[in-house]
Amino acid sequence: MLTLTFLGTGTSQGVPIIGCDCQVCNSQNHKDKRLRTSALIQWDEHTISIDAGPDFRQQMLRENIQRLDAILLTHAHRDHVGGIDDVRAFNYYQKMPMPVYGNPYTLKGLKETIPYAFCANPYPGVPEFELHTLDNREFKIFDLEIQPIEVMHFKLPVSAYRIANLVYITDANYISTQSLEQMKGCETLVINALRREPHISHFTLAQALEIIAILKPKNTYLTHISHALGKHDEINKTLPANVSLAYDGLKINIAK
């Protein structure tokens, strides 16, 4: 059995947004308070993270993560890699570089984001990484089989991941027919749904529901949500029975 923990479910600015006085940003419901999107996968004694955004340190402390075995990166935008410097603590206690997986665009972007970690003579104490370049082939972390699946974030190829009966998609606004075929048969789907209004690089709520109708998973959780979508409880009431908004700290079990 796998456990998926939603570390964060918010868009690039999080919710509430600095300086915003809207009803969502002023909500006292903890489900309306969203850190930047990332997730944790745990099984047996193993733990891996999907992305490491600006709230990574806070999320690791909140979940009391003592050991992290690897990080799967979806892409190298700041809201998904902005906290990766904090793997230094895991480097220190685990006495090893952190295995990081991503497609070529993602790993190139990571090196550009924190070049000090990849220079010829790095300063003592910088984060250490063991980079693994992904293509479209399945790979394993320990005994867990993982299938990277390409989706598009406007013009940027982003890695979705199929892990057992889970498909995890964030920051997408287009999925090819071939990629949809790789996703079919999943029982649990996580997919981004930014807001109702059209966006150049993210699925709207309506577009996410169209993908859900194609894949027909047993359960779907929406993530990468902005304050423009609305309050958690109010939006949930409008969704199909097997679809719900994810929220920070939500844990779900997935058959391995």
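Please refer to the structure placed before this passage.
Please read all numbers here as calculations on a predicted model, not as lab measurements.

Right, let's talk about the pairing of strand β6 (residues 129-133) for a bit. Of the strand pairs in this sheet, strand β5 (residues 98-102) and β6 are connected by 5 bridges, and their pairing is parallel. The residue bridging P99 from the neighbouring strand is E130, located in β6. Each parallel crossover has a hand, and the one from β5 via helix α4 (residues 104-113) to β6 is right-handed.

Let us look at the layout of surface pockets. Volume-wise, the largest pocket comes out at about 250 Å³. Surrounding the largest pocket, R57, M60, L61, N64, I65, Q66, D86, A89, F90 and Y93 form its lining. Among the elements of the structure, α1 (56-62) and α3 (88-94) are those that each provide at least two residues to the lining of the largest pocket. Its residues placed into classes, the lining of the largest pocket shows 6 nonpolar, 2 polar and 2 charged. Put simply, the second largest pocket is a space of about 170 Å³. T11, S12, Q13, L194 and H199 are, among the 15 residues lining the second largest pocket, the residues nearest its centre.

It is worth spelling out helix α6 (residues 205-215) at this point. Within α6, burial applies to L205, A208, I211, I212 and L215. The buried side chains of α6 occupy one side of the element, clustering within an arc of 120° when seen end-on. In this fold, the buried residues of α6 make contact with α5 (177-183), β11 (188-192), β12 (219-223) and β13 (243-245). Once α6 ends, the next one or two residues include K216, with phi positive near 55°.

On to the sheet that holds β6, then. Pairing is mixed in the open sheet, where 7 strands are placed in the order β6-β5-β4-β3-β2-β1-β14. Every interior strand has two partners, whereas the edge strands, β6 and β14 (251-254), have only one. The sheet shows a mean angle of 25° between the axes of neighbouring strands, direction not considered. Of the strand pairs in this sheet, strand β3 (residues 46-50) and strand β4 (residues 70-72) are connected by 3 bridges, and their pairing is parallel. Looking across to β4, one finds that I48 is bridged to A70.

How each quantity is defined
Residues numbered from 1 in each chain as written. Predicted model: local features only at pLDDT ≥ 70, side-chain atom pairs only at ≥ 80, totals over all residues. Heavy atoms only, no water. Pairing = 2+ DSSP bridges. Helix = DSSP H or I, 4+ residues; strand = E, 2+ residues; numbered from the N terminus. Right-handed = clockwise from strand over helix to strand, strands pointing away. 1 Å grid on protein atoms, 1.4 Å probe; cavity = no way out; pocket = protein on both sides within 12 Å on 5 of 7 lines; lining within 4 Å. Points joined across faces, edges and corners; volume = space filled by probe spheres on them. Nonpolar A, V, L, I, M, F, W, Y, C, P; charged D, E, K, R; others polar. Buried < 20%, exposed > 50% of the residue type's maximum accessible area, 1.4 Å probe, protein only. Arc of directions from axis to C-beta. Contact = heavy atoms within 4.5 Å. Axes fitted to C-alpha atoms, helices over the stretch in contact; angles between N-to-C directions.

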